[in-house]
Amino acid sequence: MDIVNQLQRQFIDHSTSLHREGIVDDQFTELQKLQDENSPDFVVEVVSLFFEDSEKLLNNMARALEQAQGVDFKQVDASVHQLKGSSSSIGAMRVKNACIAFRSFCEAQNREGCLRCLQKVTHEYSLLKNKLQSLFRLEQQILAAGGSIPVAK
Amino acid sequence: MGLKLQQSHHHHHHHSVVAVKVNEQMGTKRGYTFIQSNRAWLPKFLLLWVMVMAFLSTWIYKKMDADNKVRRKEVLSSMCDERARMLQDQFSVSVNHVHALAILISTFHYYKNPSAIDQETFAEYTARTAFERPLLSGVAYAERVVHSEREEFERQHGWTIKTMQREPSPVRDEYAPVILSQETVSYIESLDMMSGEEDRENILRARATGKAVLTSPFRLLGSHHLGVVLTFPVYKPKLPTRPTLEERIEATAGYLGGAFDVESLVENLLGQLAGNQAILVHVYDITNSSDHLIMYGHQDQDGDLALLYESKLDFGDPFRKHTMICRYHQKAPTSWTALTTAFLFFVICLLVGYILYGAAIHIVKVEDDFHEMQELKVRAEAADVAKSQFLATVSHEIRTPMNGILGMLALLLDTDLSSTQRDYAQTAQVCGKALITLINEVLDRAKIEAGKLEMETVPFDLRSILDDVLSLFSEKSRNKGVELAVFVSDKVPDMVMGDPGRFRQIVTNLVGNSVKFTERGHVIVKVHLAENTKPVDDAIAKNCLNGGSDDSVPLSGARQFKTLTGYEAADERNSWDSFKHLVSNEESPYDASINMTVAGETSQSVTLVVSVEDTGIGIPLIAQDRIFMPFMQADSSTSRNYGGTGIGLSITKCLVELMGGHISFVSRPQDGSTFSFTADFGRCKKASFSDTKKPNTEDLPSSFRLLKAMVVDGKPVRAAVTLYHLKRLGILAEVASSVKGAVSACGKNGSSCGSKIQPDIILVEKDSWLSGADGGLSLRMLDWKQNGHVFKFPKMILLATNITNAELEKAKAAGFADTIIMKPMRASMVAACLQQVLGIRKKRQAGKDTQNGSLRSLFVGKKILVVDDNMVNRRVAAGALKKFGAAVECAESGKAALKLLQIPHSYDACFMDIQMPEMDGFEATHRIRMMESQANELTNGDGTDEGLARKGEWHVPILAMTADVIHATYEKCLECGMDGYVSKPFEEENLYQEVAKFFQVKPISDS
């Protein structure tokens, strides 16, 4: 039970830090609430979808921005929009905010700015991915240890 | 539907075209008018005008001056002519006389032989007839003497012929010595007239023509006046009738001559005529055209040289020509009339020009100002729109982080905190909540100002909303010890059509204010039909006239008022005296109320009067007139003591006005305030809400019907409130003013075999219980129990606003073991208590209270299509909707959605992302609506095909899902035929509101 308790505390700390650092927002909590016995792996499922999708999008953007000349900003913008939509859906706040800044550079057709933003988005994304993956790991450990996932208020 | 859509589309285009046009007009308005476009030319126009007018007035002057001159000339000519004619006439008179003299001489000197005339006779005669010849200084007769006859002649007369120089005449062919002379010229006797050059010529001419001839003018010997000599030939009588020149010379006997004193003649003449002074007259002999000889007038007098007039003079001598020249003495005087006229004309024109110029300048200025104003207006409007958008955006943006803050604070409060830390965190949370409220209020205010606040029209249960509002404040009021109550008249329909959210907001605002400013006493909300208040008002008037109370209200303490808690309220209309009237008014036809509502349902709308009465601090008199102004509180100390921004009431007023009502208040400092407002609601069609699941309504259990209750309360108003809640549960209740009364009534009834009411429940108000004989009560209860009524022993319930532990113990001891209902009362809460007490299980105990539950109730069993190109979004939305019990299918593009929504389909609703590649949400919705309208037309054409025609028309509710909720997008959604929009990711409240709209309005359409 001690292990479970410890794990649970860790889990809470971790998820609180996620919130505190603004990596995720309420929407993520909402997402967690959507998970019930009917769909036990809902969050993991959605988040993996998000990872898949995002990596594709990030690759697209990077490829599009590689060209020194004639960057298709429209396409980049569409990708950023997609990413923004999905990140807002799962409550990845920092990724979303980075996307918002990104879009303004896309509108201005500023390649330099876009590259900088892409870097930032990528950074935020990997941060999110790391954090969420460790969260899920904790979750699995708790479940494996026979505990229940504490509900963060 | 398709037609409608197109129309609306068309309409929209039209609108935008108009807007563009307006913009264009705005753009080109500058320099549109003539004056405006020539503004730079205005001073030049003025100068030109002045110049033209100066020229014109000069011309006028010249014209008038010329007229004057012409007139002057005419005057001169007529005067001159007149003088000339008169001179001529007088002259010819004299000449005629001389002619007559000549005939006299011819007759009496030559015809008669011997001569009848000698010098003496002639002198006598001429002297006496001198008045006939006023112009002639004298006349003389010279006889023609040829040289051969000279000696004879000299001898005969006894003197020799002398020349003019009075010397004996040298020898000549012919002589003309004067033989007869008038006395005045007797000095020329014996002088030879032919010795003078002038005279000689004259004589020769005269005898050749036989007419009077004149010499050129010369100075006369005697007077030295200018004069002429007139010579007239005298012929011998034997002159033939048509004589030749020689015959004339031959027949010449002598010459009659006279000197005309022209100068005195003319002087005389002029003296007789008017205007003598004005003109100068000269008379000239112009026989020699190159050398005019003056006959009259002074050469040195110049007069007005510019203007002269010449009149011909005919003195009867064809050889000599004379002329009279007249001129004015003075130069033509300056014509003041002309000058003044011209000048005035110029001045007037100058003024007119200046006025026009001024007007033009003014017009230009006004137009400039107008344009400036217009520009400012456009800018102000733009600023207003920008402000609203800014407010909306900023508020939205602030809310998001604020939610984060609040969430974190909540999390923080769950952790282990020291009491100080907890206190800090709680304060922060309260502040954050206040900030959110404020932001919402500001947003509301901005929306109202922008006119963007639209009122919904959905059926809702007013009573349950009031219950909800009261429950919001129950905690606060209980802490303060303030009693909170609601009373709704029976005549108010169960369901009304209107905007429940806004109604709730109004009431919440008012009640919140009241609770905030009330430290003791009560806050009561009352709702009546507007038409009911009238007789009440009359009743009050009557009461006031009668003066005072006649009711036997138990008066404990110094001063009690017949209000809810006995505290004085500002508005007497709410006191029991009138309230009773209202209640009794309603109660008497209680059984017939169904009839009444049926009768009343003929009218489509119902006007409600809602009043919120408190016994708080009231509003200071000086602040009462600005209480509805935004950000104006009664005084600055108010916000210090009670907090708040003062925006609430102004929003409330706006909302009330949007609901077609008006708000007013009565307030007395220290006594409290009563706010009342009216609002118009639509009546609900019975059918529509009987079928409808009422999402705003908590279903009250019907299991209490026909239960009987007794309310023990000394305060009639409070009793009425309790009755109201019981009545809503279908419980029949009676009121007893004291415990004693209740017990006796029950007892009596009990003993008389329950012919009247036998209460199942007794509700005792805490005040009555405390003030009444509590010992007595329990005693009587025991007594009662022993009387064998045990099986029907009524349940005892205590009603209290707040209760101390000691009182609680005491109550339990006194037999109120059953339960205590804490006020404010709410029908649902009362129901729950009763269920607990009576052991009736609530049949439907779903998690209905939470929004989640309501959402669940909305979505359960519904089939919903989610359209989004974003996989993650799709999954999340689907997950959320599934959670609420819906069956969800997904489509990843507008096209896919179109395919799925081919009619017939079985979807109940569609959630549509707006921004999608290829076909966006608007386009997809548009196409879906087209499809539907076609299908509907077909269906209507075919009549009732049961497979397709599902009562009514195809119209799948489509909700836009959008991340940025801007108003413009909302309008666009509606234009495209969407039914609303929800935020993405879903917010439960927003989702509920939007979905409730159509799952309610079309409850059976697609199920």
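Residues numbered from 1 in each chain as written. Chains lettered and ligands numbered in written order. Predicted model: local features only at pLDDT ≥ 70, side-chain atom pairs only at ≥ 80, totals over all residues. Heavy atoms only, no water.

1. Description of the overall build of chain A
Assigned secondary structure in chain A consists of six helices and zero strands. In chain A, the order of α-helices and β-strands from amino to carboxyl end is α-α-α-α-α-α. Taking all 153 residues of chain A together, the buried fraction comes to 48%. Partitioning the intrachain contacts of chain A with sequence separation of at least 6 by distance along the chain shows that 66% fall at a separation of at least 24. On chain A, roughly 7,900 Å² of surface is accessible, and the fraction owed to carbon and sulfur atoms is 50%. (Helix = DSSP H or I, 4+ residues; strand = E, 2+ residues; numbered from the N terminus. Buried < 20%, exposed > 50% of the residue type's maximum accessible area, 1.4 Å probe, protein only. Contact = heavy atoms within 4.5 Å. Areas by Shrake-Rupley, 256 points an atom, 1.4 Å probe, with all protein chains shown as cover.)

2. Let's talk about the overall build of chain B
A count of helical and extended segments in chain B gives 30 helices and 29 strands. Counting over 1007 residues, chain B shows a buried share of 45%. When contacts within chain B are restricted to residue pairs at least 6 apart in sequence, long-range pairs at least 24 apart make up 73% of them. Accessible surface, chain B as shown: approximately 51,600 Å² in total, 56% of it carbon and sulfur.

3. Examining the UniProt feature "transmembrane region" (unreviewed entry) in chain B
All names here are of chain B. UniProt annotation of "transmembrane region" (unreviewed entry) refers to residues 41-61 and 336-357 when read in the numbering used here. Between the end C-alpha atoms of residues 41-61 there is a gap of 30 Å, over a span that is 95% helix and 0% strand. Secondary structure content for residues 336-357 is 100% helix and 0% strand, and the end C-alpha separation is 31 Å. (UniProt positions renumbered as here; feature names shortened; annotations may be inferred.)

4. Comments concerning the sheet that holds strand β25 (residues 863-867) of chain B
Residues and elements named next belong to chain B. As summarised here, the arrangement of the five strands in space is β26-β25-β27-β28-β29, forming an open sheet in which the pairing is parallel. What marks the edges here is a single partner per strand, and that holds for β26 (887-891) and β29 (980-983). Adjacent strand axes in the sheet meet at a mean angle of 25°, parallel and antiparallel pairs treated alike. Of the strand pairs in this sheet, strand β27 (residues 909-913) and strand β28 (residues 958-962) are connected by four bridges, and their pairing is parallel. In the strand pairing of β28, C910 is matched with I958. Sheet strands in contact with helix α26 (residues 871-883) are β25, β26, β27 and β28, and its direction is about 165° off that of β26. (Pairing = 2+ DSSP bridges. Axes fitted to C-alpha atoms, helices over the stretch in contact; angles between N-to-C directions.)

5. Describing the environment of B:I105
Residue and element names in this part refer to chain B. Checked against the element boundaries, I105 lands in helix α3 (residues 42-111). Sequence-wise, I105 and V234 are 129 residues apart; in three dimensions their C-alpha atoms are separated by 7.5 Å. Sequence-distant contacts of I105, that is, excluding residues within four places in its chain, are made with Y110, I117, F122, Y141, V234 and L256.

6. Side note on the pattern of salt bridges
Under the defined criterion, the tally for this structure stands at 30 salt bridges over all chains. As a salt-bridge pair, B:R875 and A:E45 come within 2.4 Å of each other at their nearest N and O atoms. With one member in each of two chains, B:R875 in helix α26 and A:E45 in helix α3 (residues 42-66) form a pair that bridges those chains. Judged by its relative accessible area of 17%, B:R875 is buried. The exposure class of A:E45 is partly exposed, given its relative accessible area of 36%. Several salt bridges share partner residues, and in doing so they unite A:R94, A:K120 and A:E124 into one network. (Salt bridge = Lys/Arg side-chain N within 4 Å of Asp/Glu carboxyl O.)

7. Here's the deal with helix α6 (residues 197-209) of chain B
Residues and elements named next belong to chain B. Here α6 contains 13 residues, and its C-alpha end-to-end distance of 18 Å stays within 8% of the 18 Å for a straight helix at 1.5 Å per residue. Residues of α6 that are buried: D199, N202, I203, R205, A206 and R207. In this structure, the buried residues of α6 make contact with β3 (174-175), β5 (213-214), β7 (226-235), α7 (245-251) and β8 (252-260). Immediately downstream of α6, the backbone of G210 shows phi near 80°, a positive value. (Expected span 1.5 Å × (residues − 1).)

8. Quick word on the pairing of strand β23 (residues 795-800) of chain B
Each regular strand displays side chains that alternate between the two surfaces of the sheet. Residue and element names in this part refer to chain B. A large share of β23 lies buried, amounting to five of its six residues. As defined by bridge partners, strand β22 (residues 761-765) adjoins β23 across five bridges and the pair is classed as parallel. Looking at the pairing, L763 lines up with I797 of β23.

9. Structural notes on the sheet that holds strand β10 (residues 293-296) of chain B
Through backbone hydrogen bonds, the strands of a sheet pair up, either in parallel or in antiparallel fashion. Residues and elements named next belong to chain B. Here we have four strands laid out as an open sheet, ordered β10-β9-β12-β11, and antiparallel in their pairing. Edge positions in the sheet fall to β10 and β11 (308-313), since each has one partner strand and no second. Between one strand axis and the next, the sheet turns through 30° on average, direction left out of account. Relative to β10, strand β9 (residues 279-285) runs antiparallel, the two being bridged by three bridges. Paired with D285 across the bridge in β10 is L293. This element, α3, spans β9, β11 and β12 (322-328) of the sheet and lies at about 25° to β11. With respect to the sheet, helix α8 (residues 262-272) is in contact with β9 and β10, its orientation differing from that of β10 by roughly 50°.

10. Side note on the interface of chain B and chain A
Counting residues at the interface gives 19 residues for chain B, matched by 25 residues for chain A. Buried surface at the junction of chain B and chain A, both sides included, amounts to about 2,000 Å², of which 58% is carbon and sulfur. Our count for the contact surface shared by chain B and chain A stands at one salt bridge. Joining chain B to chain A, the criterion identifies five residue pairs in polar contact (both at pLDDT 80 or more). Sorting the residues of the side of chain B that touches chain A by element identifies α9 (336-414) and α26 of chain B as the ones contributing at least two each. Sort the elements by how many residues they give to the side of chain B that touches chain A and α26(B) lands first, with eight residues. (Buried area = accessible area lost by both parts, 1.4 Å probe. Polar contact = N/O pair within 3.5 Å; in protein donor to acceptor, adjacent residues only side chain to side chain.)

11. A look at helix α19 (residues 716-728) of chain B
All names here are of chain B. Its 13 residues give α19 an end-to-end C-alpha distance of 18 Å, which sits within 8% of 18 Å, the value for a rise of 1.5 Å per residue. With respect to burial, α19 is a largely interior element, 12 of its 13 residues being buried. Every buried residue belonging to α19 is among P716, V717, R718, A719, A720, V721, T722, L723, Y724, H725, L726 and R728, and all of these are buried.

12. Focus on the nonpolar core
Residues A:F102, B:F859, B:L881, B:F911 and B:L991 are the most contacted members of the largest nonpolar core, which totals 69 residues. For this core, the element with the highest residue contribution is α3(A), accounting for 12 residues. Setting aside residues up to four positions removed in sequence, A:F102 forms contacts with A:M61, A:L65, A:V76, A:V80, A:C114, A:C117, A:L118 and A:V121. Core analysis: the next-biggest nonpolar cluster, separate from the first, contains 53 residues, B:L453, B:I465, B:L466 and B:V482 among them. (Core = buried A, V, L, I, M, F, W, Y, C linked by side-chain atoms within 4.5 Å.)

13. Here's the deal with the pairing of strand β14 (residues 483-488) of chain B
Residue and element names in this part refer to chain B. Taken across its six residues, β14 has six buried, putting it largely inside the fold. Here β14 shows no split at all, with E483, A485 and F487 on one side and L484, V486 and V488 on the other all buried. Of the strand pairs in this sheet, β14 and strand β16 (residues 522-529) are connected by six bridges, and their pairing is parallel. Counterpart to A485 in the pairing with β16 is I524.

14. Topic: the UniProt feature "modified residue: Phosphohistidine" (unreviewed entry) in chain A
UniProt annotation of "modified residue: Phosphohistidine" (unreviewed entry) refers to A:H81 when read in the numbering used here. Checked against the element boundaries, A:H81 lands in helix α4 (residues 73-90).

15. A word on the packing of aromatic side chains
On inspection of all chains with the given rule, the structure shows 13 aromatic pairs over all chains. A ring pair is formed by B:F503 and B:F681, whose centres lie 5.6 Å apart and whose planes are at 80°; its orientation type is edge-to-face. In this pair, B:F503 is assigned in helix α12 (residues 500-517) and B:F681 in strand β19 (residues 672-683), connecting sequence segments 178 residues apart. Over the ring of A:F51 we find A:K129, and its NZ or CZ is 5.5 Å from the ring centre. Residue placement shows B:R72 over the ring face of B:Y328; its charged tip is 4.0 Å from the ring centre. (Phe/Tyr/Trp six-rings, centres within 6.5 Å; stacked < 30°, edge-to-face > 60°. Lys NZ or Arg CZ within 6 Å of the ring centre and 35° of its normal.)

16. A few points about the confidence of the model for chain B
All names here are of chain B. The predicted model of chain B averages 74 in pLDDT, with 73% of residues at 70 or higher. Segment residues 1-31 is flagged for pLDDT under 50; beyond a separation of four residues in sequence, or across chains, it makes 17 contacts in the model. For residues 687-698, every residue scores under 50 in pLDDT, and the model assigns this stretch 21 contacts once sequence neighbours within four places are set aside. Two summary scores accompany this predicted model of the complex, namely pTM at 0.42 and ipTM at 0.84. (pLDDT = per-residue confidence, 0-100.)

17. A closer look at the packing of helix α11 (residues 462-480) of chain B against α19(B)
Residue and element names in this part refer to chain B. Where α11 meets α19, the axes come as close as 13 Å, and the angle between the chain directions of the two elements is 125°. Our classification of the angle between α11 and α19 gives oblique. For the pair α11 and α19, the sense of crossing is left-handed. Mapping the contact onto sequence places R463, S464 and D467 in α11 and Y724, H725 and R728 in α19. When the residues that make up the contact of α11 with α19 are grouped by side-chain class, the tally is one nonpolar, two polar and three charged. (Parallel < 35°, antiparallel > 145°, perpendicular 65-115°, else oblique. Left-handed = near helix turned anticlockwise from the far one by under 90°. Nonpolar A, V, L, I, M, F, W, Y, C, P; charged D, E, K, R; others polar.)

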